[in-house]
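A structural walkthrough
Below are the chains, spelled out letter by letter.
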Amino acid sequence: MISKFLVFKRRCILGIQPTLMKAMATNQRGDSVFYTRLLSYLKNSGFRPEKIQHLSGDVHLIRSGNKFLIIKGFSNYRKWESQEILTSVIKKNGFNSTYRMLAEERPFDFENKVYAGIEYLPPAKTSFNYRNDKNRQNGLEVLNQFHQSSAHALPNLKSGIPLFDQHTKWHERLHLFKEYLPVIREYVEESILDSWIRWAEWSLSGLQAYERLLYSEKSVVIHGDCAHHNFLRKQNGELTLIDFDLISEAPPIIDFLQYANRILPHLNNPEETLWSYPELKKYRHNRAFLYALIYPADIFREWNRLVKEDGYHHSKRLHSVWKLSVENYSKRMKFNRGIAKLLS
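Residues numbered from 1 in each chain as written. Predicted model: local features only at pLDDT ≥ 70, side-chain atom pairs only at ≥ 80, totals over all residues. Heavy atoms only, no water.

Looking at the packing of aromatic side chains
One pair of aromatic rings is described through two measures. These are the centre distance and the angle between the planes. Per the counting criterion, the structure on display carries 27 aromatic pairs. Note on phenylalanine 95 and phenylalanine 146: the rings are 5.8 Å apart at their centroids and 65 degrees apart in plane angle, and the pair reads as edge-to-face. Of this pair, phenylalanine 95 sits in the loop between helix 3 (77-92) and strand 5 (101-102) while phenylalanine 146 sits in helix 4 (residues 133-150), and the two are 51 residues apart along the sequence. Pair check on accessibility: phenylalanine 95 and phenylalanine 146 agree, each one buried. (Phe/Tyr/Trp six-rings, centres within 6.5 Å; stacked < 30°, edge-to-face > 60°. Helix = DSSP H or I, 4+ residues; strand = E, 2+ residues; numbered from the N terminus. Buried < 20%, exposed > 50% of the residue type's maximum accessible area, 1.4 Å probe, protein only.)

The following block contains the structure:
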C-alpha cells in the first residue's frame, strides 16, 4: 500500500553571491525587497555577506569569510523580543548552552515577519537524536539547567508569553484526531484507532482529576518543544538548546513530560527504564504525570499534522507515522498497562 505514494522531494538549498542577490531574489522569494532589507541590516551590523544559504522556513545562514550568522524570521516583534530577553537573562544566570540573540541592530520587517540575527553555533558532524542513551541523559540535564535559569526571566516576560494549559491542548488534539479519522482509517485498523482513543480519554480524565499535581511546582519559562532537532550538539561536544518559538509559563514537569513522550519509542521496557533518569524519577509517584504519560501525544500530533498538510501522499512520511502507531502498538500497550498498575 505504501509504495503507491509519492516520494518526498528534496529541499533545495540556494547559495547566492552578493552580486547576484538582487536578481536571484526575485525568482526565489518573488520580491527583491527582502534581500535589499537583509543586506542593509547586515551592513549596519558590520557583516559583509559572501553567501546566503536558505536553511528552512524563514531561517538563513549568512557567511562572510570565516564568520557565520543566522538570520531568522519571527511571527511578530513581541515574539522576537521575548526570546531576546529570555536568552539574555538565562545567560546572565549561568546557562550558556544556547545561542545569543543579536540585538545590536533593530530587526527589520518584511511580509508580516520580523527578521533578526542569531549567533551561529557550529554543529558537530553527527546530529543529536534520542536513540542514544547518553544523548537522552545529556538532553535532560541541559533541560533541567535551562529551567533553573529561565525562572529568573519569568518576571520580565509575564505579558509576553502565554500560560500553558496541558489539558486543553490535548483535548483539542484528540478532537482534531477524531475529525481526521475518515482519512486515517484508510491506513490503520479500526481496533487500533479505537484503542488509542480509549487510552487518550482515560488519560485525560485522570489528568483532569489530578491536574493540581501537574502545577504544584513553581512556574518557570518552559521550552515547549522538546523535539530532538531543538537540541544541537556543537563541534566541541557541548549540547545546546535552541529555538524558543513555543516558550510559555508553566512548571518544569510540562517539559519533562513532553521529553518523556519523545523518548518512549526509543526505550526498551520504558515502563521500567523511564525512571532510570533522575530528572524523570522524581515524578514516578505523581499521578498527573503518570496519567499524562499514557496519552498518545506523539501519535495524535503526527497524524493531525500529516492529514492537515496532505502529507499522506508522501510515502516516506506516511510510513514513518504508520510505524509509530502500528508497529509500536504492542510495545506501547505494554507500557500503558505498566503505568496503569502504578496508578492502581
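Remarks on the pattern of salt bridges
All chains considered together, the criterion is met by 15 salt bridges. A salt bridge links aspartate 243 to lysine 72; the shortest N-O distance between them is 3.2 Å. Separated by 171 residues along the polypeptide, aspartate 243 in the loop between strand 10 (239-241) and strand 11 (248-250) and lysine 72 in strand 4 (residues 67-74) bring together distant segments of the chain. For lysine 72, a relative accessible area of 9% corresponds to the buried category. For glutamate 190, the salt bridge is made with arginine 185, and the minimal N-O distance between the two is 2.7 Å. Assessed through its relative accessible area of 39%, arginine 185 is described here as partly exposed. Residues participating in the shared-partner salt-bridge network are Lys72, Asp243 and Asp245. (Salt bridge = Lys/Arg side-chain N within 4 Å of Asp/Glu carboxyl O.)

Observations regarding the pairing of strand 2 (residues 51-56)
Direction of pairing for strand 2 relative to strand 3 (residues 59-64): antiparallel, over a ladder of 5 bridges. The residue of strand 3 that forms the bridge with histidine 54 is histidine 60. A loop of 2 residues connects strand 2 with strand 3, the two strands running antiparallel in sequence, and glycine 57 in this loop sits at a positive phi of about 50 degrees. (Pairing = 2+ DSSP bridges.)

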